[in-house]
Amino acid sequence: MRNPGGKLLLEVRGLTTSVSGVEILKGIDLAVREGEVHAIMGPNGSGKSTLAKALAGHPAYKVTGGEARLDGQDLFALAPEERARAGLFLGFQYPVEVPGVTNASFLRLAYNTVQGARGKDELDPLEFDDFVREKLKLLDINPAFLDRSVNDGFSGGEKKRNEILQMALLEPRLAVLDETDSGLDIDALRVVANGVNSLHAPDRAIVLVTHYQRLLNYITPDYVHVMAGGRIIKTGDKSLALELESRGYDWLLESGRAVAA
Amino acid sequence: MTESAAKSYAAALLPGTLPAGPNAWLNRLRAAALERANALAVPTTRDEDWRFTDLSPLYKTAYQPATFPTEMPREAIERLFVPEATSRLVYVDGHYVPEMSMTGDDGISVGTVVDSVRGAPGIAEGHIARLVGVEQDPFAAVNTAYLQHGAVVAVPRDHQASRPVQLLFVSTQPERASYPRVLVVVERGAELSFIEDYVSLAGGAYFVNGVTEIAVGENASVRHVRVQRDSEQSFHIATCGVSLARDARYASQNICFGARISRLSHNVRQEGEGTDCKLDGLALVAGRQLADTHSSIDHAQPNGRSRQLHKCIVDGAAHAVFNGRIVVRRGAQRTDSAQSSRNLLLTGKAHVDTKPQLEILADDVKCAHGATVGQLDPDHVFYLRSRGLSEAAARNLLTYAFAAEIVDRIPIASLRERLEELVTRRTQAKV
Ligand SMILES: Nc1ncnc2c1ncn2[C@@H]1O[C@H](COP(=O)(O)OP(=O)(O)O)[C@@H](O)[C@H]1O
Ligand SMILES: [Mg+2]
């Protein structure tokens, strides 16, 4: 639900970011309030993942200007792990494989670290096992998952489910999901959508980076932003996503250029 | 070091004459070894095989054999026991300790060279010094000159040993030398798992000079776990020779936590058709340690298969060396061999020299090999940090994971778990 009077959860102003010395983000403004769902769409290479990684603090993505606040805290003053503990979650477009670390031990370590930082109780391996199995059921994930190495040899869909599982465990205030829907069959898409919908709560918010309107059949965004060339060139409601679906991006890019000129 | 000093170091490790023992064959073997040791120069970095491993710190001291320890650290030693094993030989500072050993009857013969091994007479005489000769190798010659209570494990034809055998070599006295010796003979169709564990309990500078020989009979199978965890001031030089008869299978995990300078020469010869050899190695070194693994897999017959994964984790200003020689002889058609060397450098001062050495003389063969040297992947570190792990925790976990790929292959659960702990401790040293 749009929540114009609600508390600002994420506020980005004039964010510029460069990668390998090339400026990719050229001034992003974005305000996400508690309870809201935002979708960020846009053609390949427009800077969507760069925005997500800059917010999460990937060291290769250098913030060159602007600011971002999470719950009023200066995000860029925090290390990536501090951002995670403060309630930011990034669902990766390409989750990395970590052979040799079992999913179960990784998930428990992450969970306990974040819980500890929030002053909550940590779980021992047995307690955690019960807890995680509940979540697996909800997300329709095979428990064999737990004994495998993190993402190692996982199919694309399994990796994305694992991202959603991590999100479900860490219960972030703000989840930024970078193309968590791409490459999924319809069942996996439903699982991902359920995971997202079950996280959705009045004191949380979700930013979905997506290519397709498909996911938005399951999750209704309050705002749809279109990114191109490192900027948000248009913001609308979910009808904008439908329009993009039928008309593509070109009309927007052209009008954007006309405006710029 | 000067030529003459290199010439006399092996001799300086030995007495002028050896006391005669009860076995004439052994006396002869030892006398011949003594003669070779006196004649051979120890290696220097001018020898191609020792190019990266400068032993001159060792050559400063002619370590003499330890006496039987006056105080036996029984409890500390017992903590090293692997509960799965029903046969165990314990050596402390090179001395056989029968009270702590156990030659349980699992249908296999376990004993020492000088005592005739129950159930397997003539085994030692028939096999020893065949796979690791004394002619060219001064360290093996010194070891053989001292040979007496070396461990002998013999598995008779078609017998499948259900429990692993543990051979435990403990060092407690600094400034001394010990000469561990192992002979494993597994007859046709038989199976064995065994552990060679070299541990320091007291630290200090000392010298371990070991020789292991493993003869795997036709269609027999050996699983070999070697663990080496000496003190940071010590020297450990060992040679392990393995022969594989037709359709024999040999799989080993060699886990090396190093010494000041450690060197393992692991040489496998496929002498029959259709053999299968797996060599997994992990060297984990820090500080100013140097760990050198030289392996050789010699495919002398057709249809052989070999798989090798060697990993080094190098921290501090340490140095790891891996030289993986793969030989495919002219007649060894349809050999299928793959070798991978993967190296993780944790600091800018850490250093690795890795080199495949392929000598392929047959034409119908598959030989894959590859080597990587690198740091932790920043994307991996970031992924873990984005889930709340501190940078140090993320790096530790990834370093551990790198090692775990090898440790996880150890077929003996309790040992695997202990090594997981040890690796965890090593990879977390810097939090
Ligand atoms: N790690 C990187 N190194 C170099 N260039 C990058 C990197 N990440 C992104 N870029 C570049 O930044 C631009 C935006 O990419 P990205 O943020 O991945 O776009 P999107 O997610 O919208 O497809 C592209 O031109 C891409 O090539
Ligand atoms: Mg992207």
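Counting starts from 1 at the beginning of each chain's written sequence and moves along it residue by residue. Whichever chain is written first is A, and whichever ligand is written first is 1; the rest continue in order. Owing to the predicted nature of the model, reporting of local features is limited to residues with pLDDT of at least 70; listing and counting of side-chain atom pairs is limited to 80 or more, with chain, interface and lining totals taken over all residues. As a rule here, side-chain values cover all heavy atoms of the structure and leave hydrogens and water aside.

Enquirer: Any details on the overall build of chain B? Residues and values, ideally.
Expert: Regarding its fold elements, chain B presents nine helices and 22 strands. With C-alpha atoms as the basis for the radius of gyration, the globule rule is written as 2.2 Å multiplied by the number of residues raised to the power 0.38. Its C-alpha atoms give chain B a radius of gyration of 21 Å, near enough to 22 Å, the size a compact globule of 431 residues would have. When accessible area is computed with a 1.4 Å probe and restricted to protein chains, residues below 20% of their type maximum are described as buried, those above 50% as exposed, and intermediate ones as partly exposed. For chain B, the residues scored as buried account for 58% of the 431 residues in total. Summarising the internal contacts of chain B: among those between residues at least 6 apart in sequence, 83% fall at separations of at least 24. Taking the average location of the 47 positive side-chain charges in chain B and that of its 49 negative ones, the two points are 2 Å from each other. Here a strand is any run of E in DSSP of at least two residues, a helix any run of H or I of at least four, and the numbering for each starts at the N terminus. Throughout, a residue-residue contact means that at least one pair of heavy atoms, one from each residue, lies within 4.5 Å. Neither His nor the chain ends is counted toward charge; the positive residues are Lys and Arg and the negative residues Asp and Glu. In plain terms, the charge of a residue is placed at NZ if it is Lys, CZ if Arg, CG if Asp and CD if Glu.

Enquirer: Explain the state of the cysteines to me, and be specific about the residues and the numbers.
Expert: Working definition: the covalent bond between the sulfur atoms of two cysteines is a disulfide. Residues and elements named next belong to chain B. Cysteine sulfur pairs qualify as disulfides if the two atoms are within 2.5 Å. Inspection of the entire model under this criterion finds zero disulfides over all chains. Free of any disulfide, Cys 256 has its nearest neighbouring cysteine sulfur in Cys 312, separated by 8.5 Å. This cysteine, Cys 277, is not joined by any disulfide, and Cys 240 carries the nearest cysteine sulfur, 10 Å off. Of the residues examined, Cys 277 reaches a relative accessible area of 0% and is grouped as buried.

Enquirer: Go over the side chain of Thr 212 of chain B with me, naming the residues and quoting the values.
Expert: Residue and element names in this part refer to chain B. Its place among the elements puts Thr 212 in strand β11 (residues 207–216). Accessibility expressed as a relative area gives 3% for Thr 212, which makes it buried. For Thr 212, the side chain forms a polar contact with the side chain of Glu 196, separated by 2.6 Å. Look past the residues within four positions of Thr 212 in its chain and what remains in contact with it is Val 132, Val 182, Glu 196, Tyr 198, Thr 239, Cys 240 and Gly 241. Two N or O atoms count as a polar contact when they lie within 3.5 Å, although within protein this holds only if one can serve as hydrogen donor and the other as acceptor, and sequence-adjacent residues are included solely when both atoms are side-chain atoms.

Enquirer: With reference to specific residues and values, describe the sheet that holds strand β2 (residues 22–33) of chain A.
Expert: Residues and elements named next belong to chain A. Strand pairing is defined by DSSP finding a minimum of two bridges between the two strands. Strand order across the open sheet formed by four strands is β2-β1-β4-β5, with antiparallel pairing between neighbours. Each edge of the open sheet is held by one strand with a lone partner, namely β2 and β5 (73–74). Pairing geometry for strand β4 (residues 61–70) and β5, over two bridges, is antiparallel. For Leu 70, the partnering residue across the bridge sits in β5 and is Gln 73. Throughout, an axis means a line fitted to C-alpha atoms (over the contacting stretch in the case of helices), and angles, computed between N-to-C directions, take values from 0 to 180 degrees. Across the sheet, helix α1 (residues 48–56) is in contact with β1 (8–19), β2 and β4; its angle to β1 comes to roughly 110°.

From the geometry alone we can't say anything about function, so treat these as descriptive.
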